[in-house]
Amino acid sequence: MGRGRILVAGGGGIAAYKLPELVRALRGAGHEVRCMLTPAAANFVSALSLGAVSGAPVRQSLLDPGEEGEIGHIELADWADLIVVAPATADLMARMAQGLADDLVTTVLLASRAPVLIAPAMNVHMWEHAATQANLAVLEARGIARVGPEAGELACGWEGLGRMADPETIADEAERLLGAKSLAGERVLITAGGTREPIDAVRAITNRSSGKMGYALAAEAAARGAEVVLVSAPTALRCPAGVRRVSVQTALEMHAAVRDEIAEVGVAICCAAVADFRPAQASERKIKKEDLAPGEGLLLELVPNPDILAEISRDRGARVVVGFAAESHDVVAAARRKLARKGCDLLVANDISREDAGFETDENAVLLVSPTGDVEELPLLPKREVARRVLDRVAKLRDTHGETESS
Ligand SMILES: Cc1cc2nc3c(=O)[nH]c(=O)nc-3n(C[C@H](O)[C@H](O)[C@H](O)COP(=O)(O)O)c2cc1C
């Protein structure tokens, strides 16, 4: 058996002529490959060549008794460890975003639980069209990975973004996604959301954290085979499949939940925005204006909350501990100082002064800061992709910790 089972789904674009090369690159890396084509794709690449280079029959039609009898479409959906859609045409992306199942390719995509990688290719205006960009946003929010498109001279004569990524680049990305099962058997604790510190029966001090980054990390860690516990402050988000959620409200509750779970985990990622302070006393009853003299202000005394990240960093042993920081200015220096203060293995710093990233958005632009002071700056990316990059670093840290432990 190959290292991974990759199902290549061809769409109807000029770049489909590169599919035999892609299949060869994937097989060259040791994977087992099967192909399926949309009816449009079959005009651009022959099933005969793909069958020959993949070493397996190519499926093209959903409602063909002969094809269905040989390899059923559900069997194909279940068989794949990864589905690579290349070229992902504007039409195919739209149908995927809509959840249509009107041909073999879209039906298999809907029926499969395998991760999906798309390699878009189209005319630059089609790519830039608001409809295509909206469909892309839907697909990426669903966790679909993307490679390309690249800029250059296009087959249609225009120049710009729209060229399909090279087959080698697509194969590398597929490799990365498959290799990404690296957290199998690992127990991972993630904190997420903004804690809520009660003032009285109805009011609370909280912050703008939506929890989206922590939930993306939890979904990605689970997709990589980890056993994930998500200690979550209040959010409106759905708990990702395969993740165990422990819901908390306050920093003290989050602290207690983390302490309950921490001994069992090999990786802890503190992504929650934990309030540094809480009201010294929360009134059980609603504080009424009438309880105060006219014009009198209300003084709240705040007391410090436990520093969860510093505490678990201090007692971490062989455990990998990652912290998040939200900084509004002088981000690199502030992140380095925070990392030194907390003592974690990696600090992920958000620049919250950017309008397009950070709190409440679906995208994030972060810096990864190491204890050596090294800084990796990531571009603006969907939070799920940021999660992938962070977990790639976690897997490496875990390997180096393992080596240090055993040496
Ligand atoms: C010569 C030719 C080239 C085409 N190239 C592309 C392309 O590169 N990208 C794209 O999105 N659509 C392209 N199209 C349009 C698609 O073929 C068309 O939208 C089709 O419905 C896509 O089918 P699919 O959903 O099976 O991919 C092209 C059409 C023609 C006639």
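Residues numbered from 1 in each chain as written. Predicted model: local features only at pLDDT ≥ 70, side-chain atom pairs only at ≥ 80, totals over all residues.

Chemist: It is not clear to me how the overall build of the chain should be interpreted in this structure. Could you clarify?
Modeler: In terms of regular secondary structure, the chain is built from 14 helices and 21 strands. Principal-axis analysis of the C-alpha atoms places the extent of the chain at approximately 85 × 60 × 40 Å. Scored against the burial criterion, the 407 residues of the chain give a buried share of 42%. Considering only contacts within the chain whose residues lie at least 6 apart along the sequence, 69% involve residues at least 24 apart. (Helix = DSSP H or I, 4+ residues; strand = E, 2+ residues; numbered from the N terminus. Buried ≥ 20, exposed ≤ 12 C-beta atoms within 10 Å, placed from the backbone. Contact = placed C-beta atoms within 7 Å.)

Chemist: It is not clear to me how the sheet that holds strand E3 (residues 82-88) should be interpreted in this structure. Could you clarify?
Modeler: Spatially, the five strands line up as an open sheet ordered E2-E1-E3-E4-E5, and their pairing is parallel. Single-partner strands in this sheet number two, and they are strand E2 (32-37) and strand E5 (145-146). Bridge count between strand E1 (residues 5-10) and E2: six bridges; the pairing is parallel. Bridged to Leu-7 within E2 is Arg-34. (Pairing = 2+ DSSP bridges.)

Chemist: How do you make sense of the site of the ligand when you look at a structure like this?
Modeler: Around the ligand, the surrounding shell holds 16 residues, and the nearest of these are Gly-11, Gly-13, Thr-38, Ala-40 and Thr-89. If one sorts the elements of the shell around the ligand by residue count, helix H5 (residues 90-98) sits on top with three residues. Tallied by class, residues from the shell around the ligand come to ten nonpolar, five polar and one charged. (Near = placed C-beta within 6 Å. Nonpolar A, V, L, I, M, F, W, Y, C, P; charged D, E, K, R; others polar.)

Chemist: Sorry, what's going on with the sheet that holds strand E19 (residues 366-369) here?
Modeler: Backbone-to-backbone hydrogen bonds pair the strands of a sheet. The strands run either parallel or antiparallel. Strand order across the open sheet formed by eight strands is E12-E11-E8-E13-E16-E17-E19-E20, with mixed pairing between neighbours. The sheet terminates laterally at strand E12 (243-247) and strand E20 (375-377), the two strands that pair on one side only. On average, each strand axis in the sheet is tilted by 15° relative to the strand beside it, whichever way the strands run. Judged from the four bridges that link them, strand E13 (residues 267-270) and strand E16 (residues 320-327) form a sheet pairing that is parallel. Bridge assignment links Ala-268 to a residue of E16, and that residue is Val-321. (Axes fitted to C-alpha atoms, helices over the stretch in contact; angles between N-to-C directions.)

Chemist: Please clarify how the pairing of strand E11 (residues 227-232) should be interpreted in this entry.
Modeler: Successive residues of a regular strand alternate their side chains across the two faces of the sheet. Across the six residues that make up E11, a large majority, five, are buried. Two strands pair when backbone bridges link them, and strand E8 (residues 187-192) and E11 are joined in this way by six bridges, in the parallel orientation. In the strand pairing of E11, Thr-191 is matched with Val-231. Two elements, E11 and E12, share five bridges in a ladder whose sense is parallel. Its bridge partner lying in E12, Val-231 is registered against Val-246.

Chemist: What is the right way to look at the environment of His-125 in this model?
Modeler: Mapped onto the elements, His-125 comes out in helix H7 (residues 124-128). The spacing of His-125 and Gly-162 is 37 residues in sequence and 8.6 Å in space, taken between C-alpha atoms.

Chemist: Explain helix H11 (residues 251-261) to me, please; I cannot follow it from the model alone.
Modeler: Along an α-helix, a turn takes 3.6 residues, which lines up residues three or four apart on a common side. Those residues of H11 that fall on the buried side of the exposure criterion are Ala-251, Met-254, His-255 and Val-258. Down the axis of H11, the buried side of the element spans an arc of 100°, and every buried residue falls inside it. Contact partners of the buried residues in H11: E8, strand E9 (197-198), E11, strand E14 (277-279) and helix H12 (308-314). (Arc of directions from axis to C-beta.)

Chemist: What's the story with the nonpolar core in this structure? I'm lost.
Modeler: Side chains of a nonpolar character, in soluble globular proteins, are inclined to be buried together. Core analysis: the biggest nonpolar cluster contains 58 residues, and Val-188, Ile-190, Leu-217, Ala-221 and Val-322 have the highest contact counts within it. The element contributing the most residues to this core is helix H10 (residues 212-223), with nine residues. Residue contacts for Leu-217: discarding those within four places in its chain leaves Ile-190, Ile-269, Cys-271, Ala-387 and Val-390. Core analysis: the next-biggest nonpolar cluster, separate from the first, contains 55 residues, Ala-9, Val-33, Leu-104 and Leu-177 among them. (Core = buried A, V, L, I, M, F, W, Y, C linked by C-beta atoms within 7 Å.)

Chemist: Even after reading the chapter, I still don't get the packing of helix H1 (residues 19-28) against helix H2 (residues 47-54), so can you show me in this structure?
Modeler: The description of two packed helices rests on the angle between their axes and on the distance between the axes. Between H1 and H2, the least distance of the axes is 9 Å, while the angle of their chain directions is 10°. The angle between H1 and H2 places the two elements in the roughly parallel class. Facing H1, whose interface residues are Leu-19, Pro-20, Val-23 and Arg-24, H2 presents Ser-49, Leu-50, Val-53 and Ser-54. (Parallel < 35°, antiparallel > 145°, perpendicular 65-115°, else oblique.)

Chemist: Help me understand the domain arrangement of the chain in this model?
Modeler: When the parts of a complex come together, some accessible area is lost, and that lost area is often taken as the interface size. Parsing the chain into structural domains produces domain 1 (5-181) and domain 2 (184-406). When each unit is reduced to the centre of its C-alpha atoms, the spacing between domain 1 and domain 2 is 36 Å. At the interface, six residues of domain 1 touch eight residues of domain 2. Split into classes, the residues belonging to the side of domain 1 that touches domain 2 amount to three nonpolar, one polar and two charged. (Domains from an automatic or database assignment.)

Chemist: Looking at this model, I keep getting lost on unusual backbone geometry. Mind explaining?
Modeler: Most peptide bonds take the trans configuration, and most residues that are not glycine carry a negative phi. Geometrically, the link from Ala-86 to Pro-87 is a cis peptide bond, its omega value of -15° lying close to zero. Along the chain, Pro-87 turns up in strand E3. Omega for the bond connecting Gly-148 with Pro-149 falls within 30 degrees of zero, at 5°, which places this linkage in the cis form. As for its placement among the helices and strands, Pro-149 is situated in the loop between E5 and strand E6 (150-153).

Chemist: What should I look at first to understand the packing of H5 against helix H8 (residues 130-141) in this one?
Modeler: Where H5 meets H8, the axes come as close as 9 Å, and the angle between the chain directions of the two elements is 50°. With respect to each other, H5 and H8 are oriented oblique. In this structure, H5 crosses over H8, and the sense of that crossing is left-handed. Across the interface between the two elements, Ala-90, Met-93, Ala-94, Met-96 and Ala-97 of H5 pack against Ala-131, Thr-132, Asn-135, Leu-136, Val-138 and Leu-139 of H8. Grouping the amino acids of the contact of H5 with H8 by side-chain chemistry returns nine nonpolar, two polar and no charged. (Left-handed = near helix turned anticlockwise from the far one by under 90°.)

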